[in-house]
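Remarks on the overall topology
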Amino acid sequence: MLIGGGGREDAIARKIVEAGSTLISVMKHKNPSIYRLSAETHIMDELDYSSIVALAKKSNIDLVFVGPDPVLNTPLVNFLENTGIKVASPSQSAAQLETSKYFMRELLKNNNIPGNLNYQLIDSDDALLKFFEDNDGEFAVKPLGLTGGKGVKVMGEHLSGKNEAITYAREILKRESSVLIEEKLYGEEFSLQAFTDGKYVLPMPLAQDYKRAFEGDVGPNTGGMGSISDFDHLLPFIKGSSRDSALEILKSIISAMRKSNNTFRGVIYGQFMETPDGPRVIEINARFADPESMNVLTIFDGDFTDVLFSIADGNLRNQAKFFKKSTVVKYIVPKGYGVSPQPGSLDIEWDPNLENPLLYYSSVSGTMDKVEMTSSRALAITAIGDSIPEASEIVEKNLHRIRGEYYVRHDIGTKDLIQRKIENIRKLSSAHKS
Ligand code: AMP
Ligand code: GLY
């Protein structure tokens, strides 16, 4: 049973079906692609955990996998496990790694795990004003909990200075009892996803997500407009030694969780900033990334259901392999996405047997050939190539198959954009040396 109905879950669903398993899906809107793959589809509130547990029992489900983070913030996994149903996703308590940014920072600090940064939890207006009186420089202002990638604002990017930072932090304080202020990091971001059974950590290829709404990496943060991964499972601007350090951080987190009797099983996804001091932790997530899951799952070479059972059973072996290919994902979104989305419909002319690129369906309803968009991301074209720019070109060449009013970031995966990232890393490290 798969919970969730976005592009990430479409990619997961395809792997489950490819492995020969029977898929029962639970989602809030009828995603036509997941629907087509499922033996049974249940359209229901994904947060209604007691109904999902009842359904899983009634349907004799062997294993449950959760896609979206809000579901991990309910007691669903605990209830399923208590009922004796296997789950390859973390409990509500283990998912705090993602659902409480303060929990994650404190775990790193208390266990001396490298990659942490300076942070302060602020719980009053006085403390907020004092913080900005005492501290100069730039900071990231964050609500503690889940915000769909849209709640974090960074000085110099979304906040022009101290005053705007204070105003935004106050806005959060009005809604919630506290706000997290973090040191701002400078560098290039990358994502490292890994499978874990609570002990063993099996890494997937690195990927980079393009969060900004508009070309050239400007505009508001979104859930992610697209993403890239490279044939060598690194990125053109991230060295093997940095990937290794990032993996060590994830392993230390998993080990710290186990030692505190809060074993984490499932997919862990670290968002890192590559800095001249090596990778540092921006965020830890308790699930597959969206869109980066589509990069890695498209080149996953193995039996995906086997991996899920090994996670749940605590015997994850070294069985996940990935083809040595580059991938590019570009999300097709309604015009105005991120600011004032204008959802319309899209006509799709896609041969379901086409292997490259693949089309994953996200927040849409309708049929495989004609979908209605919502205000969120609609379709993800995912191409495989020998290089990132080649995969990007393959996406571009297939855009004509989607007709209607939409927006897509053409720059993702282009040589120019990659070159800019390489330059950025070079500049930061030479500034650091001098
Ligand atoms: P998050 O929702 O925590 O993933 O943050 C969204 C985005 O905000 C990240 O992908 C970064 O681009 C940026 N961000 C978050 N924390 C920091 C930080 N401490 N320094 C610089 N940028 C940050
Ligand atoms: N890639 C952004 C996220 O999944 O949170």
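Computed from a prediction, not measured in an experiment: that's the story for all the values here.

**Brief notes about the site of ligand 2**
Around ligand 2 lies a shell formed by Asp209, Lys211, Gly223, Tyr269, Arg287, Ala289, Asp290 and Glu292. Between an oxygen atom of ligand 2 and a side-chain N or O atom of Arg287, the distance comes to 2.9 Å. Here Glu292 contributes a side-chain N or O atom positioned 2.7 Å from a nitrogen atom of ligand 2. Protein contacts shield 89% of the accessible area of ligand 2, which totals 200 Å² for the unbound molecule.

**Some points on the packing of helix H1 (residues 7-18) against helix H12 (residues 304-313)**
Relative orientation of the contacting elements H1 and H12 amounts to 100°, with a least axis distance of 7 Å. If you check the angle between H1 and H12, you find them roughly perpendicular. Together, Ile12, Lys15 and Ile16 of H1 and Phe304, Thr305 and Leu308 of H12 make up the contact between the two elements. For the contact of H1 with H12, a count of residues per class yields four nonpolar, one polar and one charged.

**So, the site of ligand 1**
Close contacts around ligand 1 come from 17 residues, with Glu183, Leu185, Glu189, Lys211 and Glu283 the closest. Note that an oxygen atom of ligand 1 is positioned 2.4 Å from one of the side-chain N or O atoms of Glu283. Those elements that provide at least two residues to the shell around ligand 1 are strand E7 (139-142), strand E9 (179-183), strand E16 (266-275) and strand E17 (278-285). Per-class residue counts for the shell around ligand 1 are seven nonpolar, two polar and eight charged.

**Focus on the packing of helix H8 (residues 125-134) against helix H9 (residues 162-175)**
Interaxial distance between H8 and H9 falls to 11 Å at its minimum, and their mutual angle equals 160°. What the angle tells us is that H8 and H9 run roughly antiparallel. The two elements H8 and H9 meet at a crossing, and its hand is right-handed. Between H8, through Asp125, Leu128, Leu129 and Phe132, and H9, the contact on the second element is made entirely by Lys162, Ala165, Ile166, Ala169, Arg170 and Leu173. The residue inventory of the contact of H8 with H9, partitioned by class, reads seven nonpolar, no polar and three charged.

**Here's the deal with the sheet that holds E9**
The antiparallel open sheet is built from four strands, whose spatial order is E6-E9-E7-E8. Both edges of this open sheet fall to strand E6 (119-122) and strand E8 (153-154), since each of them pairs with a single strand only. Looking at chain direction, E6 and E9 are connected through four bridges and run antiparallel. Residue pairing for E9: Leu121 is matched across the bridge by Leu180. Across the face of the sheet, helix H7 (residues 101-110) comes into contact with E6, E7 and E9 while running at roughly 140° to E6.

**Examining the packing of aromatic side chains**
Per the stated rule, a full pass over the model turns up 15 aromatic pairs. Where Phe65 meets Phe304, the ring centres are 6.4 Å apart and the plane angle is 90°; that geometry is what we call edge-to-face. Of this pair, Phe65 sits in strand E4 (residues 63-66) while Phe304 sits in helix H12, placing them 239 residues apart in sequence. What makes Phe65 buried here is its relative accessible area of 3%. An aromatic cluster of three or more residues is present, and its members are Phe65, Phe195, Phe288, Phe300, Phe304 and Phe322. Above the face of the Tyr35 ring, Lys30 is positioned so that its terminal group lies 4.0 Å from the ring centre. Looking at Arg401, its charged tip hangs above the ring of Trp350, at a distance of 5.7 Å from the centre.

**Observations regarding unusual backbone geometry**
Between Asp290 and the following residue, Pro291, the backbone shows a cis peptide bond with an omega angle of 15°. Looking at where Pro291 falls in the secondary structure, it is placed in the loop between E17 and helix H11 (292-298). A cis amide bond links Asn356 with the next residue in sequence, Pro357, at an omega value of 0°. Along the polypeptide, Pro357 turns up in the loop between strand E21 (345-348) and strand E22 (358-361). Phi angles above zero are rare outside glycine, and Asn112 is one such case at about 50°. Locating Asn112 in the fold gives a position in the loop between H7 and E6. Overall, Asn112 belongs to the exposed group, its relative accessible area being 71%. Phi at Asp217 takes a positive value of approximately 60°, unusual for a residue other than glycine. Along the chain, Asp217 turns up in the loop between strand E13 (212-214) and strand E14 (218-221).

**A word on the pattern of salt bridges**
The full count for this structure, using the stated rule, is 34 salt bridges. One salt bridge in this structure joins Asp217 and Arg420, with 4.0 Å as the shortest N-O distance. Of the two residues, Asp217 is situated in the loop between E13 and E14 and Arg420 in helix H14 (residues 415-433); the sequence distance between them amounts to 203 residues. Residue Arg420 is classed as partly exposed on the basis of its relative accessible area of 44%. Between Arg426 and Glu423 there is a salt bridge; the shortest N-O distance is 2.6 Å. Here Glu423 and Arg426 lie together in helix H14, a separation of three residues that amounts to about one turn. The class for Arg426 is partly exposed, based on a relative accessible area of 46%. Assessed through its relative accessible area of 32%, Glu423 is described here as partly exposed. Several salt bridges share partner residues, and in doing so they unite Glu188, Asp217, Arg409, Asp411, Arg420 and Lys421 into one network.

Thresholds, definitions, all that
- Residues numbered from 1 in each chain as written.
- Chains lettered and ligands numbered in written order.
- Predicted model: local features only at pLDDT ≥ 70, side-chain atom pairs only at ≥ 80, totals over all residues.
- Heavy atoms only, no water.
- Near = heavy atom within 4 Å.
- Polar contact = N/O pair within 3.5 Å; in protein donor to acceptor, adjacent residues only side chain to side chain.
- Areas by Shrake-Rupley, 256 points an atom, 1.4 Å probe, with all protein chains shown as cover.
- Axes fitted to C-alpha atoms, helices over the stretch in contact; angles between N-to-C directions.
- Helix = DSSP H or I, 4+ residues; strand = E, 2+ residues; numbered from the N terminus.
- Parallel < 35°, antiparallel > 145°, perpendicular 65-115°, else oblique.
- Contact = heavy atoms within 4.5 Å.
- Nonpolar A, V, L, I, M, F, W, Y, C, P; charged D, E, K, R; others polar.
- Left-handed = near helix turned anticlockwise from the far one by under 90°.
- Pairing = 2+ DSSP bridges.
- Phe/Tyr/Trp six-rings, centres within 6.5 Å; stacked < 30°, edge-to-face > 60°.
- Buried < 20%, exposed > 50% of the residue type's maximum accessible area, 1.4 Å probe, protein only.
- Lys NZ or Arg CZ within 6 Å of the ring centre and 35° of its normal.
- Salt bridge = Lys/Arg side-chain N within 4 Å of Asp/Glu carboxyl O.

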